[in-house]
Amino acid sequence: MAVFLWTDALVWLLVLAVIGYAAYCLRRPHLAAPWARVFRSRAAMMSSVVLGAFLLVGLLDSLHFRPELARTNGKDAVAYSSSVLSVLDVLASQMRERNEKTYSAPFATRSFAREMVETPDGRQVREYPRLRHGGAHLKDEAGRASDIAGRASLALAAAAFAWLLTGYALRGLVRRLPDIPWRSAWFTLGAVLALVVPALVLSDSYHVLGTDKVGQDVLYLSLKSIRTSLVIGTLATLVMLPLGLLLGIMAGYFKGWVDDLIQYLYTTLNSIPGVLLIAASVLMMQVYIDSHPELFPTAAQRADLRLLFLCVILGLTSWTGLARLLRGETLKLGELEFIQAAHAFGVADSRIILRHITPNVMHIVIIALVMDFSGLVLAEAVLSYVGVGGDPRRPVSAP
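The rules behind the values
Residues numbered from 1 in each chain as written. Predicted model: local features only at pLDDT ≥ 70, side-chain atom pairs only at ≥ 80, totals over all residues. Heavy atoms only, no water. Patch = residues over 30% accessible without salt bridge, like charges linked within 9 Å, V, L, I, M, F, W, Y side chains within 5 Å. Areas by Shrake-Rupley, 256 points an atom, 1.4 Å probe, with all protein chains shown as cover. Salt bridge = Lys/Arg side-chain N within 4 Å of Asp/Glu carboxyl O. Helix = DSSP H or I, 4+ residues; strand = E, 2+ residues; numbered from the N terminus. Core = buried A, V, L, I, M, F, W, Y, C linked by side-chain atoms within 4.5 Å. Buried < 20%, exposed > 50% of the residue type's maximum accessible area, 1.4 Å probe, protein only. Contact = heavy atoms within 4.5 Å. Pairing = 2+ DSSP bridges. Axes fitted to C-alpha atoms, helices over the stretch in contact; angles between N-to-C directions. Parallel < 35°, antiparallel > 145°, perpendicular 65-115°, else oblique. Left-handed = near helix turned anticlockwise from the far one by under 90°. Nonpolar A, V, L, I, M, F, W, Y, C, P; charged D, E, K, R; others polar. Expected span 1.5 Å × (residues − 1). Phe/Tyr/Trp six-rings, centres within 6.5 Å; stacked < 30°, edge-to-face > 60°.

Engineer: Before we go on, may I ask you to explain a nonpolar patch on the surface in this structure?
Structural biologist: On the surface, Tyr 21, Tyr 24, Trp 35, Val 38 and Phe 39 cluster together to form a nonpolar patch covering roughly 460 Å² of accessible area. Of all elements in the fold, only helix H1 (6-26) and helix H2 (29-39) reach the threshold of two or more residues within the nonpolar patch. Take the nonpolar patch: its biggest share by element is three residues, from H2. With respect to the helices, strands and loops of the structure, Tyr 24 is situated in helix H1.

Engineer: Would you explain the nonpolar core in this entry?
Structural biologist: Among soluble globular proteins, nonpolar side chains are generally buried collectively. Of all hydrophobic cores here, the largest spans 24 residues; its most connected members are Leu 326, Ile 357 and Val 361. Mapped by element, the contributors of at least two residues to this core are helix H9 (218-254), helix H10 (256-271), helix H13 (320-333), helix H14 (337-344) and helix H15 (349-385). A total of eight residues in this core trace back to one element, the largest contributor, which is H15. Discounting residues that sit within four places of it in the chain, Leu 326 has contacts with Gly 244, Leu 245, Gly 248, Ile 249, Val 361, Ile 364 and Val 365.

Engineer: What's the story with the pattern of salt bridges in this structure? I'm lost.
Structural biologist: When the charged atoms of two side chains lie near each other, side chains of opposite charge can form a pair. Summed over all chains, the structure comprises twelve salt bridges. Salt-bridge contacts for Arg 110 lead to Glu 141; the nearest nitrogen and oxygen are separated by 2.9 Å. In this pair, Arg 110 sits in the loop between helix H5 (93-97) and strand E4 (115-118) while Glu 141 sits in the loop between strand E5 (124-127) and helix H6 (144-169), placing the two residues 31 residues apart along the sequence. We classify Glu 141 as partly exposed; its relative accessible area is 26%. Two residues, Lys 255 and Glu 335, come together in a salt bridge whose shortest N-O distance is 3.3 Å.

Engineer: Which parts of the structure should I look at to understand the environment of Leu 247?
Structural biologist: Among the secondary structure elements, Leu 247 is positioned in helix H9. You can call Leu 247 buried: its relative accessible area is 16%. In sequence terms Leu 247 and Arg 327 are 80 residues apart; their C-alpha atoms lie 8.1 Å from each other. Once residues within four sequence positions are removed from consideration, Leu 247 is found in contact with Ile 262, Leu 265 and Trp 319.

Engineer: When you look at unusual backbone geometry in this model, what are you seeing that I'm missing?
Structural biologist: Among all residues except glycine, the phi angle is most often negative; among peptide bonds, the trans geometry is most common. A positive phi is found at Phe 107, a non-glycine position, where the angle reads about 60°. Under the relative-accessibility criterion, Phe 107 is labelled partly exposed at 23%. A positive phi angle, near 55°, is found at Lys 255, a position not held by glycine. With respect to the element layout, Lys 255 can be found in the loop between H9 and H10.

Engineer: Mind showing me how you'd approach the pairing of E5 here?
Structural biologist: Every other side chain in a regular strand lies on the same face of the sheet, so the side chains alternate between the two faces. Note that E4 and E5 share four bridges and pair antiparallel. Among the inter-strand pairings, Met 116 is bridged to a residue of E5, identified as Arg 126. In this structure, the hairpin formed by E4 and E5 is closed by a connection of five residues, where Gly 122 is found at a positive phi of approximately 95°.

Engineer: I'm lost on the packing of H13 against H15 in this one. Help?
Structural biologist: Any two packed helices are characterised by how steeply their axes cross, that is the angle between the axes, and by the distance between the axes. Interaxial distance between H13 and H15 falls to 10 Å at its minimum, and their mutual angle equals 150°. By the angle between their directions, the pair H13 and H15 is classed as roughly antiparallel. Along this stretch, H13 crosses H15, giving a crossing that reads as right-handed. Contact residues: H13 offers Leu 322, Leu 325, Leu 326, Glu 329, Thr 330 and Leu 333, while H15 offers Ile 357, Asn 360, Val 361, His 363, Ile 364, Val 365, Ala 368 and Leu 369. Split into classes, the residues belonging to the contact of H13 with H15 amount to ten nonpolar, three polar and one charged.

Engineer: Would you take a moment to explain the sheet that holds strand E1 (residues 2-3) for this structure?
Structural biologist: Strand-to-strand pairing in sheets goes through backbone hydrogen bonds, with the strands running parallel or antiparallel. If you walk across this open sheet you meet the three strands as E1-E2-E3, and the pairing is antiparallel. With partners counted over all chains shown, the strands left at the sheet margins are E1 and strand E3 (85-86), one partner each.

Engineer: Even after reading the chapter, I still don't get the packing of helix H11 (residues 274-291) against helix H12 (residues 299-317), so can you show me in this structure?
Structural biologist: It is the contact of H11 with H12, at a shortest axis distance of 10 Å, that shows an interaxial angle of 150°. In this view, H11 runs roughly antiparallel relative to H12, as classed from their interaxial angle. Regarding H11 and H12, the two cross each other, and that crossing is right-handed. On H12, the residues touching Leu 277, Ile 278, Ser 281, Val 282, Met 285, Gln 286 and Ile 289 of H11 are Arg 302, Leu 305, Arg 306, Phe 309, Leu 310, Ile 313, Leu 314 and Thr 317.

Engineer: What exactly am I supposed to notice about the environment of Trp 186 here?
Structural biologist: Along the polypeptide, Trp 186 turns up in helix H8 (residues 182-202). Separated by 19 residues in the primary sequence, Trp 186 and Gly 167 have C-alpha atoms spaced 6.8 Å apart. Every residue in contact with Trp 186, bar those within four places of it in the chain, is listed here: Trp 163, Leu 164, Thr 166 and Gly 167.

Engineer: Quick question: what am I supposed to make of H12 here?
Structural biologist: Note on helix geometry: an α-helix contains 3.6 residues per turn, so any two residues three or four positions apart are oriented the same way. In this model H12 runs 27 Å from its N-terminal to its C-terminal C-alpha over 19 residues, within 8% of the 27 Å that 1.5 Å per residue would give. Along H12, the residues that are buried comprise Asp 304, Leu 305, Arg 306, Leu 307, Leu 308, Leu 310, Cys 311, Ile 313, Leu 314 and Gly 315. Looking at the buried side of H12, the elements it contacts are H1, H9, H11 and H15.

Engineer: In this structure, what is going on with the packing of aromatic side chains? I would like to understand it.
Structural biologist: For any pair of aromatic rings, the description consists of the separation of the ring centres together with the inter-plane angle of the planes. Under the definition given, this model contains eight aromatic pairs. When the centroid spacing of 6.5 Å and the interplanar angle of 75° are considered together, the rings of Tyr 21 and Trp 35 count as edge-to-face. Pair noted here: Tyr 21 is in helix H1 and Trp 35 is in helix H2, with a separation of 14 residues, a long-range link. Of the residues examined, Tyr 21 reaches a relative accessible area of 42% and is grouped as partly exposed.

If you want it as structure tokens, here you go:
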């Protein structure tokens, strides 16, 4: 049964918006030309391949459903599990289901902590026990290195085949669009495949990045964190953008009491410690969730609402820096000749802001948003560490 989470809907809505904007730009040469210049850059094409890999993982983790439970006989009504899974969970089921007791090192065959183990002769000794899943297929642990090397070699051969096949498939695009550096994108794809394919193949028998305190596979948790990072960075940025853009330009353009009011607003907001403000807001939302359990039947829906609310709070508390930058730039633009000429000709303030001010501050907006994206993801990590970030109650599969 399909499950629609709020953040899933927003993520796919953003994907549709990007596709619509791309189609809009393709039909207008004056908008397509700047993007064509961007994709003629080797760095842009290489970055697009890496970003595309992260987006693919995030989108696979944004399709959720509740699996159907097994029926004892054909006459029973269809029942669904209370746990919510994503397509990524299904594809990574080997990593998700193979849990250990506690920490283990990457590619380890034994646990990181000593335990009392009973030997075949009945004695109790304290040693590092064998992992239940990591390297469990090995009869002799001394052959671990050769086993890893053999599996990695086969995986690299498969990655090389896929890489060459992709290059063959791209020949038509290379002929049609010779100005785009497809070679750079192709080599970047080869590097991504050389890292991803061996890791996925080895994860079937080993914990590639080890396990955490409760025995979960760290590689699986890293893949799951990609969607959280994308959601936090993107949605919080979209909440922050209209506030910072509107209030910053208004403060620099109208000056006077409007400027004083907006400055007072963001100065007051900056005087409140951000962590305390965010923590208080998230805890208020948590109280509402706990008080209305009937509205959130699954743990995934509760965690999703908490994540969405955290995006909103981060956006509402992070717009002040952008507003200050835009206020200063708008004050400078307001003294230039073309703005003064527009005032002399009686052009409306709204038209001056939309047609003259806003396009000339977009370079600052783009740079600030790119810089803030990583800052918002880091802020969520810090908040999760202190217990007020994303929902810390991660479902752990039964061993």
